[in-house]
Amino acid sequence: MKSALVTGASALALLLAASATHAAEDTSTVEELVVYGKGESRQVQALTLEEIERAAPGSSPIKMVEKLPGVNFQSADAFGAYEWSTRISIRAFNQNQLGFTLDGVPLGDMSYGNHNGLHISRAIATEDLAGVELAQGAGALSVASTSNLGGALKFTSRTPSADMGADVGLTVGSSSMRRIFLRAETGELPGGGRGSISYADQQADKWKGQGEQNQRQIGLKFVQPIGDVTVTAFYNASERRENDYQDLSLDMLSRLGANWDNNTGRWAEAVQIARAYQNAANYAGPSPILDGNGCYTGSGANPYPGKVKCVDDAYYDASGLRDDALWALTAAGPVAGIDLTATVYGHTNDGQGIWYTPYVPSPNNNIAGATSQNAPISTRTTEYAIDRRGLILGAGFDLGDHRISAGGWLESNDFTQSRRFYGQNLASPSSSLSFFSGPFFTQWSGDFKTNTRTFYLEDTWTVSDQLKVNFGFKSVRVRSSTVTKIGSPVINGSITSEETFLPQVGLTWALTEDSELFASYARNMRAFAAARTGLSPFATTQPGFDAIRGKLQPETSQTLEGGWRFRSGGFQGVAALYYVRFDDRLIGTSAGAGIVGSPTILSNAGSVTAQGFEAAGTLKLNDDWSLFGSYAYNDSTYDDDIRNAAGVVTQKISGKTTVDSPRHLLNGEVSFDRDGWFAALNVHYVSERYFTYTNDKSVPSTTTADLSFGYRFQGEGLTEGLEIQANVTNLTDESYVSTIGSNGFGYAGDNQTLLTAAPRQASVTLRKRF
């Protein structure tokens with residue numbers, strides 16, 4: 001992987017060499033930043049390239065859609081790129097119940113420690129994006145996803161320019177943030193092809209505690225016309241190295257404060273905590289000092305240092321390391337009157353989730369160079385390896401007033417996941433930002449094989465100039481199997497998620513050229529996850545797996561929505577109502593602290609009903625000023641209580657609001673663009689969110705603001721194509737809980753599953769386009 005990433009110096013030389021003949025881009029006022037999906041029978045909006053460019057460089061692409069109605073986005077860092085904390089939910093559907101693609105290539109469900117894809121922030125550099133499309137209710141039948149119960153996000157990359165040129169971007173900001181982005185365009189070559197190469201390198205310190213969050217990316221894309229067929233190829237590689245923030249509970253927030261974090265850099269303190277816990281754990285009989293959760297009882301002297309009262313209050317360090325390579329080759333064009341598209345793609349991933357655990361000491365005589373004894377701390381990893389290959393096919397042709405579309409998706413995914421432990425020297429710890437090797441113990445290691453097969457068929461019928469109807473269906477079959485190679489619990493077996501008929505119907509009725517009604521119905525299914533962690537039927541024991549695999553049903557949803565899109569003078573907008581029935585919803589709880597990795601207790605929560613209202617609009621006040629606003633109301637509740645195998649109610653959650661689903665979301669934005677000057681102020685409101693199924697624990701509502709402003713230089717010479725931009729996140733410096741459910745959700749009671757948001761952060765970017 002590392003050999004695939006060019007150095008900043010060599011990439012800069014390449015870009016500057018290609019810059020001489022590239023003309024400056026048009027700096028006229030942006031007409032439209034949000035597109036409202038005219039002609040679509042579903043609730044759809046899209047963000048344009050201009051909107052993406054206003055975001056702080058390095059921001060997660062999914063952070064950009066938080067202004068759209070129905071979207072709840074949260075992260076513990078200013079850029080939304082810290083993957084452990086990044087969460088997006090739409091209409092009460094969580095991140096792993098949505099679909100994600102890049103140029104049509106599936107990215108899986110984007111859950112942390114992904115088993116079937118990768119996060120969009122690793123799949124492509126922000127500056128290489130051309131647009132983002134969001135379908136809040138149901139993705140199109142052609143979307144290559146088996147997790148899009150509640151909508152889909154389709155990301156599109158920039159097409160190489162017909163003109164030779166280069167982009168250079170330099171960003172510096174709070175928390176020692178620095179980023180360089182370089183992109184070179186070949187322009188149109190003699191054979192008609194054109195290509196681009198880009199390089200991004202971002203480094204930043206954590207905003208609290210000690211640690212770094214770094215990433216390097218390279219992107220290559222080439223487009224070649226061959227007759228009427230266009231062949232497109234891309235290759236994107238990423239290296240991510242990020243230290244984690246400490247997960248918190250409400251008790252910890254009250255007792256230790258919002259700025260509490262891991263005790264990274266204080267090795268002696270971490271050793272003291274581990275020894276105190278292990279001494280109590282080895283105590284003959286109940287310890288009078290620590291309780292069963294490793295917390296100080298108040299009897300005798302506190303064996304922990306400083307404000308620490310529990311072994312889980314502060315870990316020495318934790319991190320996530322990911323190396324990814326994603327490629328695709330697409331051919332598209334008319335053949336014998338049929339529009340054909342074929343994409344072959346591949347993705348490989350190597351990753352380690354690292355945690356310095358006080359629960360397991362390093363064994364003696366295990367580490368070369370140990371002075372006297374090894375540390376009472378070891379490093380536990382969850383290790384990932386993905387190798388997936390796939391093929392996506394699509395065809396479309398006109399038959400009178402009918403547009404017939406059909407296609408399919410095939411994928412074979414080999415996934416290996418392991419839990420290993422590595423020793424630590426008492427004298428000093430090893431770095432958490434490098435891959436570990438040479439474990440002293442492998443707790444378990446398993447291979448997973450997943451084969452995905454989908455097919456869709458759709459007819460779009462233009463009944464009249466005013467009425468257009470679409471109807472079709474999708475068939476999905478996903479078979480996953482696992483073999484335990486090492487350790488326990490031993491889990492062997494397979495499970496299949498299958499639905500042969502998932503219908504989707506819709507219509508649009510054009511009242512006038514600038515006004516239309518739309519309505520749609522869709523049924524979708526989410527395939528079971530194939531991993532030893534997370535919300536998966538394999539994240540249990542063999543008896544547990546055997547007990548549920550014949551009874552467990554995959555999650556399904558039925559979405560009915562309708563609305564009105566309209567444009568009048570300088571105003572355009574959309575208003576929509578929806579009703580969602582979510583059946584066989586799976587919820588998982590774990591005994592003990594989430595990070596410890598106890599087996600997941602998987603339960604079928606029955607059905608969930610969600611209903612709500614969404615509205616968004618843009619008002620162009622004049623050539624310089626515009627306003628944008630969106631509002632979403634969501635009422636999402638569990639319909640059933642949790643019952644055991646005997647049918648006895650074990651948890652009463654019927655009528656309770658679903659976790660992490662705010663009832664109200666409100667966005668307001670004012671933007672300005674004139675004579676090179678531009679600015680935008682966005683205000684975002686999120687209402688109360690529950691992080692227990694019984695709704696006894698929640699985090700309060702919060703209102704935040706972000707600001708961006710800058711200047712595009714006019715004229716010729718050195719200032720041609722030059723731009724300076726400043727971005728300020730959390731402008732009012734609010735202290736609040738952003739992410740909830742970082743370690744999952746519980747039925748009731750406090751849980752160490754919260755992350756606080758970054759305080760006010762600022763960055764300045766200098767761009768030059770040659």
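This one's a predicted model, so the numbers in the text were calculated from it and none came from an experiment.

Cut-offs used in this document
- Residue indices begin from 1 for each chain and proceed along its sequence in written order.
- Side-chain atom pairs in this predicted model are given and counted only at pLDDT of 80 or more, local residue features only at pLDDT of at least 70, and totals for whole chains, interfaces and linings cover all residues.
- To get the side-chain values, take all heavy atoms of the structure and skip hydrogens and water.
- Secondary structure counts use DSSP, requiring at least four H or I residues in a row for a helix and at least two E residues in a row for a strand, with both numbered from the N terminus.
- Here the globule rule reads 2.2 Å times residues to the power 0.38, and the radius of gyration is calculated from C-alpha atoms.
- Exposure is judged per residue with a 1.4 Å probe applied to protein chains only, and the accessible area is read against the type maximum: over 50% gives exposed, under 20% gives buried, and values in between give partly exposed.
- Residue contacts follow a heavy-atom distance rule, with two residues in contact if any of their heavy atoms lie within 4.5 Å.
- All accessible-area figures derive from a Shrake-Rupley calculation using a 1.4 Å probe, and residue coverage is judged against the displayed protein chains alone.
- Between the rings of Phe, Tyr and Trp (Trp by its six-membered ring), a pair exists once the centres lie within 6.5 Å; its type follows the angle of the planes, with under 30 degrees stacked, over 60 edge-to-face, and the other angles tilted.
- Geometrically, a lysine NZ or arginine CZ counts as sitting over a ring once it is within 6 Å of the ring centre and also within 35 degrees of the ring normal.
- Patch building starts from residues that exceed 30% relative accessible area and form no salt bridge, then joins like charges within 9 Å and nonpolar side chains (Val, Leu, Ile, Met, Phe, Trp, Tyr) within 5 Å.
- A pairing counts as a salt bridge when a side-chain nitrogen of Lys or Arg comes within 4 Å of a carboxyl oxygen of Asp or Glu.
- Pairing between strands requires that DSSP locate at least two bridges from one strand to the other.
- The disulfide criterion is simple: two cysteine sulfur atoms within 2.5 Å.
- Within this scheme, the nonpolar core is defined by two criteria: the residues are buried Ala, Val, Leu, Ile, Met, Phe, Trp, Tyr or Cys, and they are joined through side-chain atoms within 4.5 Å.
- Take the residue count of a helix, subtract one, and multiply by 1.5 Å to get its expected span.
- Summary of the metric used: pLDDT quantifies the predictor's per-residue confidence within the range 0 to 100.

Q: Even after reading the chapter, I still don't get the overall build of the protein chain, so can you show me in this structure?
A: Assigned secondary structure in the protein chain consists of six helices and 38 strands. In summary, the protein chain has a C-alpha radius of gyration of 26 Å against a globular reference of 27 Å for 770 residues, a match within 12%. Dimensions of the protein chain, computed from C-alpha atoms along their principal axes, come out at roughly 80 × 65 × 45 Å. The burial tally for the protein chain puts 56% of its 770 residues in the buried class. Of the contacts made within the protein chain by residues no fewer than 6 positions apart, 68% connect residues no fewer than 24 positions apart. Surface summary for the protein chain: the accessible area is close to 29,400 Å², and the carbon and sulfur share equals 56%.

Q: Please explain the environment of Gln-203 as it appears in this structure.
A: Along the chain, Gln-203 falls in strand 11 (residues 194–203). In this view, Gln-203 contacts Ser-176, Met-177, Arg-178, Gln-213 and Asn-214; residues no more than four positions away in its chain are not counted.

Q: It is not clear to me how the packing of aromatic side chains should be interpreted in this structure. Could you clarify?
A: To describe a pair of aromatic rings, one takes the distance between the centres and the angle between the planes. A complete count under the given rule lists 27 aromatic pairs for this structure. Ring geometry for Tyr-82 and Tyr-245: centres 5.4 Å apart, planes at 70°, overall edge-to-face. Of the two residues, Tyr-82 sits in the loop between strand 3 (71–74) and strand 4 (87–90) while Tyr-245 sits in the loop between strand 13 (229–243) and helix 4 (250–256), which places them 163 residues apart along the sequence. We note that Tyr-82, like Tyr-245, is buried. Measuring from ring centre to ring centre gives 5.8 Å for Trp-207 and Tyr-245, while their planes differ by 35°; the resulting arrangement is tilted. Placement of Trp-207 in the loop between strand 11 and strand 12 (213–226) and of Tyr-245 in the loop between strand 13 and helix 4 is noted, with a sequence separation of 38 residues between them. With respect to class, Trp-207 is no different from Tyr-245; both count as buried. The ring of Tyr-245 is capped by Lys-206, whose NZ or CZ atom sits 4.8 Å from the centre of that ring.

Q: Can you walk me through a nonpolar patch on the surface in this structure?
A: A cluster of nonpolar side chains, Leu-170, Val-172, Phe-713, Ile-724, Val-764 and Leu-766, forms an exposed patch at the surface whose accessible area comes to about 470 Å². Counting residues per element, the ones that place at least two in the nonpolar patch are strand 9 (164–173) and strand 38 (761–769). Positionally, Val-172 belongs in strand 9. By relative accessible area, Val-172 is classed as exposed at 52%.

Q: What exactly am I supposed to notice about the pairing of strand 18 (residues 441–462) here?
A: With 20 bridges connecting them, strand 17 (residues 402–425) and strand 18 associate as antiparallel partners. Residue pairing in the sheet places Arg-403 in a bridge with Thr-460 of strand 18. Across 19 bridges, strand 18 lies against strand 19 (residues 467–487) in antiparallel orientation. Following the sheet pairing, Asn-451 is matched in strand 19 by Arg-479. Hairpin connection of strand 18 to strand 19: four residues between the antiparallel strands.

Q: Honestly, the sheet that holds strand 8 (residues 152–157) in this entry has me stumped. Any pointers?
A: Hydrogen bonds along the backbone pair up the strands of a sheet, which may run parallel or antiparallel. On the basis of which strands lie adjacent, the open sheet formed by six strands has the order 1-2-7-8-5-6 and mixed pairing. Edge positions in the open sheet fall to strand 1 (34–35) and strand 6 (105–106), since each of these has one partner strand only. Note: strand 5 (residues 99–102) against strand 8, four bridges, orientation parallel. Residue pairing across strands places Leu-102 opposite Phe-155, the latter belonging to strand 8.

Q: Explanation requested: the pairing of strand 19 in the structure shown.
A: For a regular strand, side-chain orientation follows a simple rule: the groups alternate between the two sheet faces. Direction of pairing for strand 19 relative to strand 20 (residues 493–512): antiparallel, over a ladder of 15 bridges. If you follow Lys-468 over to strand 20, its bridge partner there is Thr-508. Where strand 19 folds back on strand 20, the antiparallel hairpin that results is connected by five residues.

Q: Please clarify how the pattern of salt bridges should be interpreted in this entry.
A: Where charged atoms from two side chains of opposite charge come close, those side chains can pair. In this structure the tally under the stated criterion is 49 salt bridges. Arg-42 is the partner of Glu-40 in a salt bridge, and the nearest nitrogen-oxygen pair spans 3.3 Å. Residues participating in the shared-partner salt-bridge network are Glu-83, Arg-122, Arg-240, Glu-242 and Asp-324.

Q: How should I be thinking about the state of the cysteines in this particular structure?
A: Cysteine pairs can be linked by a disulfide, which is a covalent bond between their two sulfur atoms. For the structure on display, the rule yields one disulfide. Cys-295 shares a disulfide with Cys-310; S-S distance 2.0 Å. Its S-S torsion of about 115° marks the bond between Cys-295 and Cys-310 as right-handed, since a negative value means left-handed. Of this pair, Cys-295 sits in the loop between helix 5 (267–281) and strand 14 (318–335) while Cys-310 sits in the loop between helix 5 and strand 14, and the two are 15 residues apart along the sequence. Across the pair, Cys-310 and Cys-295 agree in class, each one buried.

Q: What is the right way to read the nonpolar core from this model?
A: In summary, soluble globular proteins display a tendency toward joint burial of nonpolar side chains. Counting 75 residues, the largest nonpolar core has Ile-88, Leu-153 and Phe-155 as its most contacted members. If one sorts the elements of this core by residue count, strand 23 (residues 571–583) sits on top with five residues. Counting residues in each nonpolar core, the second largest holds 13 residues, with Ile-386, Phe-538, Phe-545 and Leu-552 among its members.

Q: Would you take a moment to explain the environment of Ser-287 for this structure?
A: For Ser-287, the position within the fold is in the loop between helix 5 and strand 14. Its relative accessible area of 18% is what places Ser-287 among the buried residues. Note: C-alpha distance between Ser-287 and Val-35 (252 residues apart in sequence) is 63 Å.

Q: Help me out: how do you make sense of the side chain of Glu-66 in this one?
A: Secondary-structure assignment places Glu-66 in the loop between helix 2 (49–54) and strand 3. Assessed through its relative accessible area of 13%, Glu-66 is described here as buried. Sequence-distant contacts of Glu-66, defined by excluding residues within four places in its chain, comprise Val-71, Phe-73, Asn-667, His-684 and Asp-706.

Q: Looking at this structure, I do not really get helix 5. What am I missing?
A: Since there are 3.6 residues in each turn of an α-helix, residues three or four apart along the chain are aligned in direction. Between its first and last C-alpha, helix 5 extends 21 Å over 15 residues, near the 21 Å set by a 1.5 Å rise per residue. Within helix 5, the full set of buried residues consists of Trp-267, Glu-269, Ala-270, Val-271, Ile-273, Ala-274, Ala-276, Tyr-277, Gln-278 and Ala-280. In this structure, the buried side of helix 5 is in contact with strand 16 (374–399) and strand 17.

Q: How should the confidence of the model for the protein chain be read in this particular structure?
A: Detailed conclusions should not be drawn from predicted coordinates in areas where pLDDT is low. With 92% of its residues at a pLDDT of 70 or more, the protein chain has an overall mean of 90. Scored below 50 in pLDDT, residues 366–371 shows ten contacts in the model against residues more than four places distant or in partner chains.

Q: Sorry if this is basic, but what is going on with unusual backbone geometry here?
A: Peptide bonds are trans in most cases, and residues, glycine excluded, mostly fall at negative phi. Of the consecutive residues Ser-488 and Pro-489, the connecting peptide bond is found in the cis state with omega at 0°. Inspection of the secondary structure assignment puts Pro-489 in the loop between strand 19 and strand 20. For Ala-336, which is not glycine, the phi torsion reads 55° and is therefore positive. Its place among the elements puts Ala-336 in the loop between strand 14 and strand 15 (338–357). In this structure Ala-336 comes out as exposed when scored by relative accessible area, which is 80%. Residues other than glycine seldom take positive phi values, yet Asn-695 does so here, at roughly 65°.

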